[in-house]
Amino acid sequence: MAGKLRTLRTRLIVVALAVHAMLLPALFYGVTFIVENSHRDIFVNDVRTHSRFLADILSSQQILDSSEDIIAWLDWLDSVFLGSNGVYAEVQNGEQRFFSTLMDEAYLDKFQEDFRFGDHGDDVYYLSMPLDMPGHQANLRLGFDESLILEEIRQTRMRTIYGLSAYLVISLLLLMLLAVRLTRPLRTLQRDSRAIASGDYDTRLSVTTKVREFRELAKDLDLMRDALVGINERLREEHAEHLATEQQRQTLQKQLHHAQRLETVGTLAGGIAHEFNNILVPIILYTDLALEDLPQESPIRDNLERVTKSANRAKEVIDQILTFSRKTVDQRQKSSDIVSIIKETLTLVRALMPATIDIQTNIDEKCGRVLVDATEVQQLIMNLCSNAFQAMTEKGGRLTIDVCDVAIDGESNDISLRLEPGHYVRISVGDNGKGIDAATQERIFEPFFTTREVGKGTGLGLSVVHGIVISHGGDITVDSTPGRGSTFYVYLPKTTLLSELPVPHG
Amino acid sequence: MISRLFAASLILSLALCWTLVGAAQQVVLVTGENSPIENLSPLELRKAYFGIVVRYDDQIIRPFRNSSDSQLSRIFLQTVVATSERAYERRLFSLTLKSGRPRPEEFTDQDDIVRALRKYPYGISYMWRSDAERAIGIKVIKLLWQEN
């Protein structure tokens with residue numbers, strides 16, 4: 001209720017009512033006062049003038065001596081009843097009193113001289129005019145009916161009331177119409193503003209009205225809306241940019257930590273492997289020398305062969321560790337057709353994989369050449385395929401190998417890639433196995449990290465892959481969803497042959 | 001002796017009371033004691049008070065309005081000029097604007113009227129008969145109105 005009273009429409013009507021309540025009574029009393037006074041003044045003026053005129057005429061008749069004179073006088077007295085609202089006409093000459101023959105007897109002896117309209121409250125205006133007749137004390141006494149004027153005043157008063165009531169009703173109706181027309185554009189602006197505030201930025205602020213101020217207000221508000229929407233959009237973009245930057249920063253920081261950890265582990269493992277290698281070399285060498293000196297039938301030969309076998313196996317592990325920890329470009333790398341190397345490797349993979357594994361390949365034949373150590377690339381693919389197979393051992397699945405040419409521009413690509421802008425061959429090895437959780441992905445390239453049971457893996461497969469990729473100037477990423485499978489992406493930088501270089505002009 | 005004096009006083013008082021209570025009020029037209037004006041017709045009187053030039057012995061009559069008593073003014077308006085107050089004022093106003101003639105001089109103090117009448121021989125005014133009879137230096141010309 002209080003809220004409705006505070007609306008512009010209600011306030012306009014209340015104010016108008018209050019103004020009318022104050023002004024209309026004053027107007028009514030002012031109008032009726034003027035009208036009443038005017039009527040009364042005209043009446044008094046008329047009867048006085050009429051009486052004076054008649055008194056002057058009668059005075060000119062001089063003296064009342066004969067019956068003819070009296071008849072003439074009475075005729076003049078009768079004229080009072082013919083031409084106006086006269087009710088009383090008498091000539092008083094000393095003790096003599098002559099009345100008009102047309103006068104109602106009810107008015108006899110009612111004469112009380114009035115000097116103002118309404119005196120004595122008898123609805124008759126009585127007045128006396130002395131007749132100018134030397135030697136006579138004669139007076140003309142007349143009476144005029146006031147009730148007609150009072151009735152006219154009453155009617156005027158009623159007409160004024162009707163007129164003012166009609167004015168009040170019409171003005172209130174017009175005011176309500178005006179209030180509606182004034183508040184409608186405001187309501188439209190309010191509705192549209194709320195729509196904008198709730199996020200509907202396509203809403204335009206416009207009103208259909210002939211009131212210039214409202215049109216200008218809507219125009220100004222719409223300009224403000226444009227400015228606010230622009231600011232909002234900019235803030236949103238900046239916020240999104242900030243979030244992306246922050247996410248990128250966190251990713252890069254995580255990658256840095258990961259790389260640092262891998263480097264630390266690689267350095268440590270490489271140092272240990274190198275020492276072990278120094279130890280193993282004499283073991284293998286002297287064991288071989290001892291075997292050469294032993295006769296074939298010697299029972300010691302079998303033990304020494306086992307020593308050699310174990311030592312060689314240990315050397316393979318150490319070689320793998322050294323592969324992981326290697327940082328420099330291997331001298332054995334040479335520009336090779338990567339597609340041929342991959343196809344050769346896949347022939348071997350198909351031979352090793354059981355029938356439950358469906359191998360699908362999608363190889364771009366025109367990927368070009370890559371500076372690689374062919375053996376290491378084969379090892380890389382074998383390790384990735386082996387891992388994929390391990391992920392699908394239980395139920396079988398689909399192994400996909402894709403090879404394509406990609407361009408890294410440093411902006412639009414995956415920020416996790418630590419690659420210089422340029423052209424790369426991307427080798428994707430995917431499976432639809434059990435997938436890898438986020439915690440495992442964090443440590444998947446660390447040496448000796450494995451999720452398999454003890455004795456079922458060395459934990460060196462992916463760390464060797466990582467080492468090979470890094471030593472080739474490339475990078476490796478993994479995209480995996482637990483329960484849906486994993487895909488490893490290997491990026492190797494392409495090489496350009498002299499024959500492929502553009503010929504300089506001039 | 002004392003009883004005679006008392007009786008005389010009583011008779012005098014009764015006579016005075018009779019005069020005050022029993023005598024009907026009258027309004028009379030007055031002029032200066034030495035004025036040559038003997039009579040004016042009602043029409044001449046109206047003309048004079050409407051600002052129209054009225055001559056008596058080739059002298060212009062100067063009408064003075066007596067506004068010392070409201071009842072006297074009402075009797076004057078009703079009996080002498082025979083108009084309403086507003087109509088009379090409008091008429092005088094119109095006369096001043098149209099002809100540039102001065103409106104009748106108006107006095108609120110009756111003594112001032114008496115002095116004016118004594119000063120101007122052709123000056124006329126009206127007052128209660130009782131006041132006129134008491135005033136010195138003026139005379140009554142005619143009866144204008146008598147209480148019924």
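Conventions used here
- Each chain carries its own residue numbering, running from 1 in the written order of its sequence.
- Each chain takes a letter, starting from A, and each ligand takes a number, starting from 1, following the order in which they are written.
- For this predicted model, a pLDDT threshold of at least 70 governs which residues receive local features, and a threshold of 80 or more governs which side-chain atom pairs are given and counted, while totals over whole chains, interfaces and linings are taken from all residues.
- Hydrogens are left out, water is left out, and the side-chain values use all remaining heavy atoms of the structure.
- For this analysis, residues touch if any pair of their heavy atoms sits within 4.5 Å.
- Throughout, the accessible surface (probe 1.4 Å) given up by two parts as they are put together, summed over both, is called the buried area.
- Criterion for a salt bridge: a side-chain nitrogen of Lys or Arg within 4 Å of a carboxyl oxygen of Asp or Glu.
- Two N or O atoms count as a polar contact when they lie within 3.5 Å, although within protein this holds only if one can serve as hydrogen donor and the other as acceptor, and sequence-adjacent residues are included solely when both atoms are side-chain atoms.
- Starting at the N terminus, helices and strands are each numbered in turn, a helix being any DSSP run of H or I of at least four residues and a strand any DSSP run of E of at least two.
- Burial classes: relative accessible area under 20% of the type maximum marks a residue as buried, over 50% as exposed, and values in between as partly exposed (1.4 Å probe, protein chains only).
- Note on terminology: a nonpolar core comprises buried Ala, Val, Leu, Ile, Met, Phe, Trp, Tyr and Cys residues joined through side-chain atoms within 4.5 Å.
- The directions from the helix axis to the C-beta atoms are what the arc is built from.
- Values of pLDDT, which run from 0 to 100, indicate the predictor's confidence residue by residue.
- Cavities and pockets were defined on a 1 Å grid built from protein atoms only: a cavity is a group of points that admits a 1.4 Å probe but offers it no way out, a pocket is an open group of points flanked by protein on both sides within 12 Å along at least five of seven lines, and a lining residue is one with an atom within 4 Å of any such point.
- Grid points are joined across faces, edges and corners, and a volume is the space filled by probe spheres set on the points.
- Charged means Asp, Glu, Lys or Arg here, nonpolar means Ala, Val, Leu, Ile, Met, Phe, Trp, Tyr, Cys or Pro, and polar covers whatever is left, Gly included.
- When DSSP finds two or more bridges between a pair of strands, those strands are recorded as paired.
- Every angle, taken between N-to-C directions, lies between 0 and 180 degrees, and every axis is a line fitted to C-alpha atoms, over only the stretch in contact when it is a helix.

This brings us to the interface of chain B and chain A. With 23 residues of chain B at the interface, the matching set in chain A holds 25 residues. Surface buried jointly by chain B and chain A totals about 1900 Å² across both partners, of which 45% is contributed by carbon and sulfur atoms. Per-residue buried area on chain B facing chain A is highest for Arg74(B), Gln78(B) and Asn148(B); these three make up 34% of the total on that side. Summed over the shared surface of chain B and chain A, the result is 3 salt bridges. One salt bridge connects Lys142(B) with Asp132(A), and the closest N-O pair in it is separated by 3.0 Å. Seen at the junction of chain B and chain A, the total is 12 residue pairs in polar contact (both at pLDDT 80 or more). Contributing elements (two or more residues each) for the side of chain B that touches chain A: α2 (42-49), α3 (70-81), α4 (85-99) and β7 (138-146) of chain B.

Next up on the list: the environment of His472(A). Residue and element names in this part refer to chain A. Inspection of the secondary structure assignment puts His 472 in the loop between α10 (461-471) and β10 (475-481). Its relative accessible area of 6% is what places His 472 among the buried residues. Residues contacting His 472, with those up to four places away along its chain left out, are Gln 333, Leu 371, Val 372, Asp 373, Glu 376, Val 377, Leu 492 and Pro 493.

If you look at the biggest cluster of nonpolar residues, it comprises 48 residues, and the most contacted ones within it are Ile338(A), Leu384(A), Leu399(A), Ile427(A) and Phe488(A). Ignoring any residue separated from it by four or fewer positions in sequence, one finds Ile427(A) in contact with Ile338(A), Ile342(A), Asp402(A), Val403(A), Phe488(A), Tyr489(A), Val490(A) and Leu492(A).

We now examine helix α5 (residues 110-119) of chain B. Residue and element names in this part refer to chain B. If you check which residues of α5 are buried, you get Gln 110, Ile 113, Val 114, Ala 116 and Leu 117. End-on, the buried residues of α5 take up no more than an arc of 165°, which puts them together on one face. Capping the start of α5, Asp 109 holds a side-chain oxygen 3.0 Å from the backbone nitrogen of Asp 111, two or three residues further along.

For the rest of this paragraph, the subject is the confidence of the model for chain A. Overall, the prediction assigns chain A a mean pLDDT of 85, with 91% of residues at 70 or greater. Helix α1 (residues 2-5) of chain A is the least confidently modelled element of chain A, averaging 67 in pLDDT, while strand β3 (residues 124-130) of chain A averages 92, the highest of any element.

All names here are of chain A. One pass over the structure, following the stated rule, counts 33 salt bridges over all chains. When the shortest N-O distance is used, the salt bridge between Lys 343 and Glu 365 registers 2.7 Å. One end of the pair, Lys 343, is in helix α7 (residues 338-352); the other, Glu 365, is in the loop between β6 (357-363) and β7 (369-372), with 22 residues separating them in the sequence. Across the pair Asp 405 and Lys 494 runs a salt bridge, and its minimum N-O distance is 3.1 Å. Residue Asp 405 is found in strand β8 (residues 397-408), and its partner Lys 494 is found in strand β11 (residues 485-495); the two are separated by 89 residues along the sequence.

Let us now look at the layout of surface pockets. Residue and element names in this part refer to chain A. The volume enclosed by the largest pocket comes to roughly 1300 Å³. Lining the largest pocket are 39 residues, with Asn 387, Gln 390, Thr 450, Thr 451 and Arg 452 positioned closest to its centre. The element contributing the most residues to the lining of the largest pocket is helix α8 (residues 374-391), with 6 residues. Tallied by class, the residues present in the lining of the largest pocket amount to 11 nonpolar, 18 polar and 10 charged.

Within the element layout of this structure, Asn139(A) appears in strand β4 (residues 138-145). Ignoring any residue separated from it by four or fewer positions in sequence, one finds Asn139(A) in contact with Glu90(A), Val91(A), Gln92(A), Ser128(A), Met129(A), Pro130(A), Leu131(A) and Asn148(B).

Within a sheet, adjacent strands bond to each other through the backbone by hydrogen bonds, running parallel or antiparallel. All names here are of chain B. Ordered in space as β5-β4-β6-β1-β7, the 5 strands form an open sheet in which the pairing is mixed. Edge strands, defined here as strands with exactly one partner in the open sheet, are β5 (105-107) and β7. For this sheet, the mean inter-axis angle between neighbouring strands, taken without regard to orientation, is 30°. The pairing of strand β4 (residues 62-66) with strand β6 (residues 123-128) spans 2 bridges and is parallel. From the neighbouring strand, Pro 63 faces β6, where its bridge partner is Ile 124.

Residue and element names in this part refer to chain B. Three or more residues of α2 are buried, namely Pro 42, Leu 45, Arg 46, Ala 48 and Tyr 49. The buried residues of α2 all sit within an arc of 160° when viewed along its axis, so they share a single face. A positive phi of about 90° marks Gly 51, the residue just after α2.

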